[in-house]
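Read off the chains here:
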Amino acid sequence: MADKSEKNKFNAPGKFYVDSQCIGCALCNSTAEAYFSMSDEGCAYVSTQPSDDAGKALCTEAMESCPVQAIGDDGE
């Protein structure tokens, strides 16, 4: 489970985030490319927070698919 206190520094402020457990597999980016990006350091981050239900559904799908559970949905 993602840890809100371990959010990586690249995340856009908001509900969804990626934490320090990210292994850089890019599955989230391929699932929801409008919302996730990869940093030069090789970790994923939320580049844009979703503003509609379709975007939230894609981010939730990415979160549920993350092999290391590095995506959280309790951001502020």
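Residues numbered from 1 in each chain as written. Predicted model: local features only at pLDDT ≥ 70, side-chain atom pairs only at ≥ 80, totals over all residues. Heavy atoms only, no water.

Student: What should I look at first to understand the overall build of the protein chain in this one?
Tutor: Helix and strand counts for the protein chain stand at 2 helices and 4 strands. Traced from its N-terminal end to its C-terminal end, the protein chain shows the element sequence β-α-β-β-α-β. At 10 Å, the protein chain has a C-alpha radius of gyration in line with the 11 Å of a compact globule built from 76 residues. Seen along its three principal axes, the alpha-carbon backbone of the protein chain occupies a region of about 30 × 25 × 20 Å. Looking at the protein chain residue by residue over its 76 residues, the buried ones come to 42%. In the protein chain, of all internal contacts separated by at least 6 residues, the share reaching a separation of at least 24 is 57%. Split by element, the accessible area of the protein chain, about 4,300 Å² in all, is 47% carbon and sulfur. (Helix = DSSP H or I, 4+ residues; strand = E, 2+ residues; numbered from the N terminus. Rg over C-alpha atoms; globule rule 2.2 N^0.38 Å. Buried < 20%, exposed > 50% of the residue type's maximum accessible area, 1.4 Å probe, protein only. Contact = heavy atoms within 4.5 Å. Areas by Shrake-Rupley, 256 points an atom, 1.4 Å probe, with all protein chains shown as cover.)

Student: Please explain the packing of aromatic side chains as it appears in this structure.
Tutor: Within a pair of aromatic rings, the relevant descriptors are the distance that separates the centres and the angle that separates the planes. Here the structure, examined in full by the defined rule, presents 1 aromatic pair. Judged by centre distance (5.6 Å) and plane angle (40°), the ring pair of Phe10 and Tyr45 falls under tilted. Note that Phe10 is positioned in the segment before β1 (17-18) and Tyr45 in strand β3 (residues 44-46), a separation of 35 residues in sequence. The partly exposed category is assigned to Phe10, whose relative accessible area is 29%. Against the face of Tyr17 rests Lys7, its NZ or CZ located 5.3 Å from the ring centre. (Phe/Tyr/Trp six-rings, centres within 6.5 Å; stacked < 30°, edge-to-face > 60°. Lys NZ or Arg CZ within 6 Å of the ring centre and 35° of its normal.)

Student: Got a minute to help me understand helix α2 (residues 53-65) in this structure?
Tutor: Residues that lie three or four places apart on an α-helix share one face, since the helix turns once every 3.6 residues. Between its first and last C-alpha, α2 extends 18 Å over 13 residues, near the 18 Å set by a 1.5 Å rise per residue. Every buried residue of α2 is listed here: Gly55, Cys59, Ala62 and Met63. Around the axis of α2, the buried residues are gathered within 100° of arc, so they sit on the same side. Those residues of α2 that are exposed and angled more than 90 degrees off the buried face are Asp53, Ala54 and Glu64. On its buried side, α2 packs onto α1 (27-31), β2 (36-38) and β4 (71-72). (Expected span 1.5 Å × (residues − 1). Arc of directions from axis to C-beta.)

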